[in-house]
Amino acid sequence: MNNIVEDIIRGGKFKKLIENVLVHDAREITGLNRIELVVIYLLYRYDEINTLTDICKYLQMNKGHISTTMDGLGKKGYIICQRDETDRRFIRYRITEKAGAIVENMDRLWLEISRQIVLGIDEKDLEVFNKVSRQIENNMKFMLEQSEKF
C-alpha cells in the first residue's frame, strides 16, 4: 500500500484539520471540549447514530468515556435522552435547540472543508475514489468482524 493511502486511512491529517477548523472556534465560544462537540455534531449529522453503542463504535472510543460525555452534555442542556419506545433497553440521544446554533456553524464549516478537500479533483476521479474507499471500508469492516469472532 502506498504511503498516501495509508495516511488517509489512518486519518491523522483529517482529524487535525477537523480539530483546527471545525472544533477550535466552537470550543472557544461554548467552552465544550473536542469530544463533546464531535458528539453533538455526530448526533446532528447522522439520525441512525443515536445510542451510546452507536456513538462508541463510530468514534472508536470506550463506553465509559462516552457515557460521561453524554451525562455532561445532558446536564449542560445540549442533548436529551429518551427511552426507545419499541425496546425500552435502549436510550436514544438527540440534540436540543441550544446545540442547534453550534451545529449550524459547524455544518457551514464542514461544507467548506469538504469543498476544499476535493478541490481540483475531476468528478469522474472522485467517483472512482468513492468507490474504492467504500470497498476499503467494507474490507476493513469484514476483517474486524472476523477478528472479533476469536
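Only a predicted model underlies this, so the values are computations on that prediction, with no experimental measurement involved.

The rules behind these values
Residues numbered from 1 in each chain as written. Predicted model: local features only at pLDDT ≥ 70, side-chain atom pairs only at ≥ 80, totals over all residues. Heavy atoms only, no water. Helix = DSSP H or I, 4+ residues; strand = E, 2+ residues; numbered from the N terminus. Buried < 20%, exposed > 50% of the residue type's maximum accessible area, 1.4 Å probe, protein only. Contact = heavy atoms within 4.5 Å. Areas by Shrake-Rupley, 256 points an atom, 1.4 Å probe, with all protein chains shown as cover. Expected span 1.5 Å × (residues − 1). Arc of directions from axis to C-beta. Polar contact = N/O pair within 3.5 Å; in protein donor to acceptor, adjacent residues only side chain to side chain. Phe/Tyr/Trp six-rings, centres within 6.5 Å; stacked < 30°, edge-to-face > 60°.

Brief notes about the overall build of the chain
- Along the chain, the regular secondary structure elements total 7 helices and 2 strands.
- Reading the chain from its N end, one meets helices and strands in the order α-α-α-α-α-β-β-α-α.
- Expressed as lengths along the three principal axes of its C-alpha atoms, the size of the chain is roughly 45 × 45 × 25 Å.
- Residue burial in the chain is summarised as follows: out of 150 residues, 28% are buried.
- For the chain, restricting intrachain contacts to residue pairs at least 6 apart in sequence, the fraction spanning at least 24 positions comes to 47%.
- Accessible area of the chain: about 11,100 Å², with a carbon and sulfur share of 54%.

Points about helix H5 (residues 63–75)
- Here H5 spans 18 Å end to end across 13 residues, near enough to the 18 Å set by a 1.5 Å rise per residue.
- Of all the positions in H5, only Ile 66, Thr 69, Met 70, Gly 72 and Leu 73 are classed as buried. Along the long axis of H5, the arc covered by the buried residues comes to 165°, so they all point the same way. Facing away from the buried side of H5 by over 90 degrees, the exposed positions are Thr 68 and Lys 75.
- Summarising the contacts, the buried residues of H5 are in contact with helix H3 (34–45), helix H4 (52–59), strand E1 (79–83) and strand E2 (91–95).
- Two or three places before Gly 64, at the start of H5, stands the capping residue Asn 62, its side-chain oxygen 3.1 Å from that residue's backbone nitrogen.
- Looking at the residues trailing H5, positive phi occurs at Gly 77, about 85°.

Let's talk about unusual backbone geometry
- One non-glycine residue with positive phi stands out, namely Gln 60, at about 55°.
- Mapped onto the fold, Gln 60 is located in the loop between H4 and H5.

Description of the packing of aromatic side chains
- All chains considered together, the criterion is met by 2 aromatic pairs.
- Considering the side-chain rings of Tyr 41 and Tyr 44, the 5.9 Å spacing of their centres and the 35° angle between planes classify their relative orientation as tilted. Here Tyr 41 and its partner Tyr 44 are both found in helix H3, 3 residues apart, which amounts to about one turn of the helix.
- On the accessibility criterion, Tyr 44 (34% relative accessible area) is partly exposed.
- Considering the side-chain rings of Tyr 46 and Tyr 58, the 5.6 Å spacing of their centres and the 40° angle between planes classify their relative orientation as tilted.

Fair warning: the whole summary comes from geometry, so function is off the table for now.
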